[in-house]
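Here are the chains, one letter per residue:
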Amino acid sequence: MTLFKTMLSKLGRKTIDSLWTLGVASTFIFRVIARSSIVIRRPNLLVAEMHFAGVLSLVIIIVSGLFVGLVLGLQGYETLKRYGSTGAVGTLVALSLVRELGPVVSALLFASRAGSAITAEIGIMKTTEQLSAMEMMAVDPYARVIAPMFWGGVLSMPLLAAIFSAMGIIGGYLITVVVIGVDSGAFWSQMQASVDFHHDILNGVIKSVVFGTAVSAISVYEGYASVPTAEGVSKAVTRTVVTSALAVLALDFVLTAFMFTGAH
Amino acid sequence: MERSVIDLWVGIFVALGIAALLFLALKAGNVDSIIKSEGYLVSAEFDNIGGLKAKAPVKSAGVIVGRVDNVSFSNQSLRAVVKLNLDKQFQFPKDSSASILTSGLLGDQFVGIDPGGALENLQDGDRVRITQSAIVLEKVIGQFLYGKMSEKNGD
Amino acid sequence: MIKTTDLIQISSLNFSYGESEIFQNLDVGFSAGKVTAIMGGSGSGKTTILKLIGGQVRPQKGRVICDSKVVNHMRHNELFAHRKTIGMLFQFGALFTDLNVFENVAFPLREQTALPDAAIKDLVLLKLHAVGLRGASRLMPAELSGGMARRVALARAIALDPSLMLYDEPFTGLDPISTAITGNLIRTLNDTLGITSVFVTHDIKASFKVADEVVLLSRGCVTARGKPEDLMESTDPLVQQFVNGEVDGPVPFHVRSRSYREDLALVQSENLK
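Residues numbered from 1 in each chain as written. Chains lettered and ligands numbered in written order. Predicted model: local features only at pLDDT ≥ 70, side-chain atom pairs only at ≥ 80, totals over all residues. Heavy atoms only, no water.

Here we come to the arrangement of the chains. No other pair of the 2 pairs of chains in contact has as many contacts as chains A and B. For chain B and chain C, which are not in contact, the least C-alpha distance works out to 10 Å. (Contact = heavy atoms within 4.5 Å.)

Below, the structure written as C-alpha cells:
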C-alpha cells in the first residue's frame, strides 16, 4: 500500500515538474518572439544565424537526401517489379519524400546538426558569462542572440527539407532510370499525375515549418536553461537532440492525421 | 568569416532552397494543380461507383477536363451521386454521357465523358442523364463463370 | 555602514538564492570617486553585490540605491539606461568568443551608438591603447593569455565611458606581473577618468595596494569597512583571521556538525556495549 502510494506521488511529482518545465519553456519562447523585431531591423544578424543553422547543414542534408532517394528507388523498384508496374516507382519515391521522409528526416538531421550547435553555443555563452556581460552592456540577449538564432532555424528548416526531397527524387531517378533502366517518361509522368501541389507539396512544407519551429524552440530553450558548467552544457545538447526527435515524430503523427486522412 | 562570404553562402542556400521547391512543384507535381482554374459543377448518378474517390480525374477523349469534387449517396434515388468539377474552358453538349472507367486492369478509377450531339451545353448545376456504372471485377468474373456453367448445362 | 556621501547605498537588504540565504539585513555603501575592495571568504556573496548594483538580481527586501535612484525598482528601460553608465569586468573576461579583439571592444559602441565606422575604429584603438593591447586587435579571444583577455575585457568595459566600474575577481588566475598590471589599470582608470570603482577579490596583497577603502563581508553582513591600514591594525578577531589568513578562528575550520565522538561508527558500537 505504501509502495503504491509512493509510486503515485512520484507520478504526481513528475507530472507537476513536466508541466512546470513546459510552462517555463513557453514563457521563454513567447519572450523571444516578443523581442523579435530586431530580426527585421538588423537583417545581418538573421543572415549570420541562417549561415550557422542552414548553410552548415547543407552538406549532410544533400548527401542524406541523395542516399535516401537511392534506397527508396531500389526498394520501390524491387517491390513494384513483382506487380509489373515499375513505372510507378517515381510516384512512390516522390510521395514518400514529399509527404513524410523529406520533412521528418531533414528535421531529425537538423536537430542533431544545427539544433545541438545552437544549444551548445547559447550554453557556452551562458557558462562563460557572455550573456551576463551583454546584459550589463545594456544589450538584451533575448533580442541580440536568441531571437536571431530561433528565426534562423525556423527559416532554414523548410528550405533544407525542400532540398532534401529534391535530392531524394534525383537519387531515385538516378538509380531507377539511369542505372536500372525504367522508362524516364513513365517515371516523371506517373509522378506528376499523382503528386498534388496543394495536398502533397504544400502540406509537406507546412510540416517542415512546424518541425523547424519546434526544433529551434527546443534548441534555444535548452541552451538558455542549461546548467552553466561543461557537464551541464553537454547534457543540454543531449536533451536537445532527444527531445527534438520525439517532438518531431509526435508532431508528424498529429499533422499526418489531420492532413492525409479522410477524403481522398 | 568575412560578412560578404557569409552573405554569399546564405544567398546560395536560399536560392538552392527555392530552386528545390520549384523543382518539386513543377517537375514532381503537376503544374495544372497549382492554379485552380475556374470550373463548373455537374452532377451524375450512378448505380455503382466502385472505388471512385474525390479528386479522381475526369477525362474526355483521354484529356483531363476536371476532377471529382465529391461523392455522396442519394436517399431519394438510392444511387450514388458524383459531383464533377469541370474546367470552364471545356464545354460539353447537354446529352453527353458519363461512365466510370479504370486505367489499366487494376489502376485507379476515373470518370470518362462521351460528348453527345445536343446544341445546348451543360451548365453549372446540370445533371448528366446518361451514365454507366463502374465495372466491378467480381461481378464480371461471376457472370463469366455463370455463363460458362450455363453453356455446359446446355450441352 | 552607510555614509550620506556614498554613491551606492545598500540598505536593510535581504537576499537568497532559493533556499540558501546570502544576505540578511545588509547595510553597506561605496564612496564616490574612490576604489573600494569587497573582500570575504568564498560564498560570502561578494559577486552578488555587484549583480545587485547592476540590477541583474533583485533583493527580496531592502533597497539598492545608485546615484540616488533605486535600482531594484527600475523598469526594463530604466534599468538599461542605468547599465549604460556602468562598466563591468567579469571574472574571466567573458569576451565574445566568435568576435576578434577589435570587434569585442567595438561591440558596445556598435550596439549603443550610431557612430560612423571611422569614429568607432579610433575609439576602439584608443581604449585598446589604454590597456596596452593596440597591437593585438586582430587576434581572437582563444589566442589570448588570461591576463590579456582580462585587459581586452577591461577595454570593452570602458568603451562607453562609464561613471562606475565594477570588477568581479579581477586578479583570479593571473601571474604576479599580470596582477600588478591589472591593479595598476584599475587605479589609473579610476583617477584619470574620475569614476567610482568597486572590485571583489580575496587577494589581500593586491587589493590593499590598490584600494582606497576595504569592505569585509562575513556571514551575510559587513564585518568591517575602512582604509586598508585601519583594517591591518584592527583588533577584531574576524578581521585579523582574514587579513592574516589564519586556518582557524571565528570562521571555523570544521563545518558545524555533531561531536566527532558521536559521528564515528566504531565508537558508537563501543558505547552501546
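With 22 residues of chain C at the contact, the number on the chain A side is 17 residues. With both sides pooled, the region where chain C packs onto chain A buries about 1700 Å², and carbon together with sulfur makes up 60% of that total. Where chain C packs against chain A, one counts 2 salt bridges. Here A:Arg144 makes a salt bridge to C:Glu111, at a shortest N to O gap of 2.5 Å. On inspection of chain C and its partner chain A, the count reaches 9 residue pairs in polar contact (both at pLDDT 80 or more). Every element with two or more residues in the side of chain C that touches chain A is listed here: helix H2 (76–83), strand S6 (86–89), helix H3 (101–112) and strand S7 (164–168) of chain C. Broken down by element, the side of chain C that touches chain A gets its largest block of residues, 4 residues, from H3(C). Here the residues of the side of chain C that touches chain A are counted per class, giving 10 nonpolar, 6 polar and 6 charged. (Buried area = accessible area lost by both parts, 1.4 Å probe. Salt bridge = Lys/Arg side-chain N within 4 Å of Asp/Glu carboxyl O. Polar contact = N/O pair within 3.5 Å; in protein donor to acceptor, adjacent residues only side chain to side chain. Helix = DSSP H or I, 4+ residues; strand = E, 2+ residues; numbered from the N terminus. Nonpolar A, V, L, I, M, F, W, Y, C, P; charged D, E, K, R; others polar.)

On to the interface of chain B and chain A, then. Counting residues at the interface gives 27 residues for chain B and 29 residues for chain A. At the boundary of chain B with chain A, total buried surface from both sides reaches about 2500 Å², with 77% on carbon and sulfur atoms. In this structure, the connection of chain B to chain A is made through 0 salt bridges. In this assembly, chain B and chain A are joined by 1 residue pair in polar contact (both at pLDDT 80 or more).

All names here are of chain C. Across the sheet, 6 strands lie side by side as S6-S7-S8-S3-S9-S10; this open sheet has mixed pairing. Each edge of the open sheet is held by one strand with a lone partner, namely S6 and strand S10 (221–226). Averaged over all pairs of adjacent strands, the angle between their axes in this sheet comes to 15 degrees, without regard to strand direction. Both strand S3 (residues 35–40) and strand S8 (residues 196–201) contribute to a ladder of 5 bridges, which runs parallel. Pairing of Met-39 across the sheet is with Thr-201, part of S8. (Pairing = 2+ DSSP bridges. Axes fitted to C-alpha atoms, helices over the stretch in contact; angles between N-to-C directions.)

Under the defined criterion, the tally for this structure stands at 21 salt bridges over all chains. Of the charged contacts, one joins A:Glu78 and A:Lys81 as a salt bridge, the two residues approaching to 3.4 Å between their closest N and O atoms. Linking A:Glu78 with A:Lys81, this pair stays in helix H4 (residues 58–81), spanning 3 residues, or about one helical turn. Here A:Glu78 falls in the partly exposed class, since its relative accessible area comes to 39%. A:Lys81 sits in the partly exposed class, given a relative accessible area of 42%. Residue C:Arg225 pairs with C:Glu213 through a salt bridge whose shortest N-O separation is 3.3 Å. (Buried < 20%, exposed > 50% of the residue type's maximum accessible area, 1.4 Å probe, protein only.)

Time to look at the pairing of strand S9 (residues 213–218) of chain C. Residues and elements named next belong to chain C. Of all 6 residues that make up S9, 6 are buried, and the element is covered over most of its length. Neither face of S9 is open: one carries Glu-213, Val-215 and Leu-217, the other Val-214, Leu-216 and Ser-218, and all of them are buried. Alignment of S3 against S9, held across 5 bridges, turns out to be parallel. The partner of Ala-37 across the bridge, within S9, is Val-214. Pairing between S9 and S10: 5 bridges, direction antiparallel.

In this section: the packing of helix H5 (residues 89–127) of chain A against helix H9 (residues 197–225) of chain A. Residues and elements named next belong to chain A. At their nearest, the axes of H5 and H9 sit 8 Å apart, and the two run at 20 degrees to each other. Classified by the interaxial angle, the pair formed by H5 and H9 is roughly parallel. For the pair H5 and H9, the crossing hand works out as right-handed. (Parallel < 35°, antiparallel > 145°, perpendicular 65-115°, else oblique. Left-handed = near helix turned anticlockwise from the far one by under 90°.)

Once that is clear, we can look at the sheet that holds strand S6 (residues 109–114) of chain B. Residues and elements named next belong to chain B. One open sheet holds the 8 strands; their spatial order is S7-S1-S4-S3-S2-S6-S5-S8, and the pairing between them is mixed. Edge strands, defined here as strands with exactly one partner in the open sheet, are strand S7 (127–128) and strand S8 (130–132). Pairing of strand S2 (residues 57–60) with S6 involves 2 bridges; the strand directions are parallel. Considered in S6, the bridge of Lys-59 is made with Gly-112.

Glancing now at the packing of aromatic side chains. Under the criterion given, the structure shown has 12 aromatic pairs over all chains. Taken together, a centroid distance of 5.1 Å and an interplanar angle of 75 degrees make the contact between A:Phe150 and A:Trp151 edge-to-face. Under the relative-accessibility criterion, A:Phe150 is labelled buried at 2%. Since its relative accessible area comes to 25%, A:Trp151 is described here as partly exposed. Residues C:Phe171 and C:Phe199 carry aromatic rings whose centres are separated by 5.7 Å and whose planes lie at 90 degrees to one another, so their mutual orientation is edge-to-face. Highlighted residues: C:Phe171 in the loop between S7 and helix H6 (176–193) and C:Phe199 in strand S8, separated in sequence by 28 residues. Looking at C:Phe171, the relative accessible area reads 5%, which means it is buried. Above the face of the A:Tyr224 ring, A:Lys126 is positioned so that its terminal group lies 6.0 Å from the ring centre. Here B:Lys59 stacks its cationic end above the ring of B:Phe110, 4.6 Å away from the centre of that ring. (Phe/Tyr/Trp six-rings, centres within 6.5 Å; stacked < 30°, edge-to-face > 60°. Lys NZ or Arg CZ within 6 Å of the ring centre and 35° of its normal.)

Turning next to the confidence of the model for chain B. Overall, the predicted model of chain B reaches an average pLDDT of 83, with 91% of residues at or above 70. The spread of mean pLDDT over the elements of chain B runs between helix H2 (residues 137–154) of chain B, the lowest at 79, and helix H1 (residues 3–28) of chain B, the highest at 91. (pLDDT = per-residue confidence, 0-100.)

All names here are of chain B. Among the 8 residues in strand S4 (residues 80–87), 6 count as buried, and that is most of the element. Note that strand S1 (residues 39–46) and S4 share 8 bridges and pair antiparallel. Bridge assignment links Gly-39 to a residue of S4, and that residue is Asp-87. Relative to S4, strand S3 (residues 63–73) runs antiparallel, the two being bridged by 7 bridges. The residue of S4 that forms the bridge with Gly-66 is Leu-86. Hairpin connection between S3 and S4: a loop of 6 residues separates the two successive antiparallel strands, and Leu-78 in this loop has a positive phi of roughly 55 degrees.

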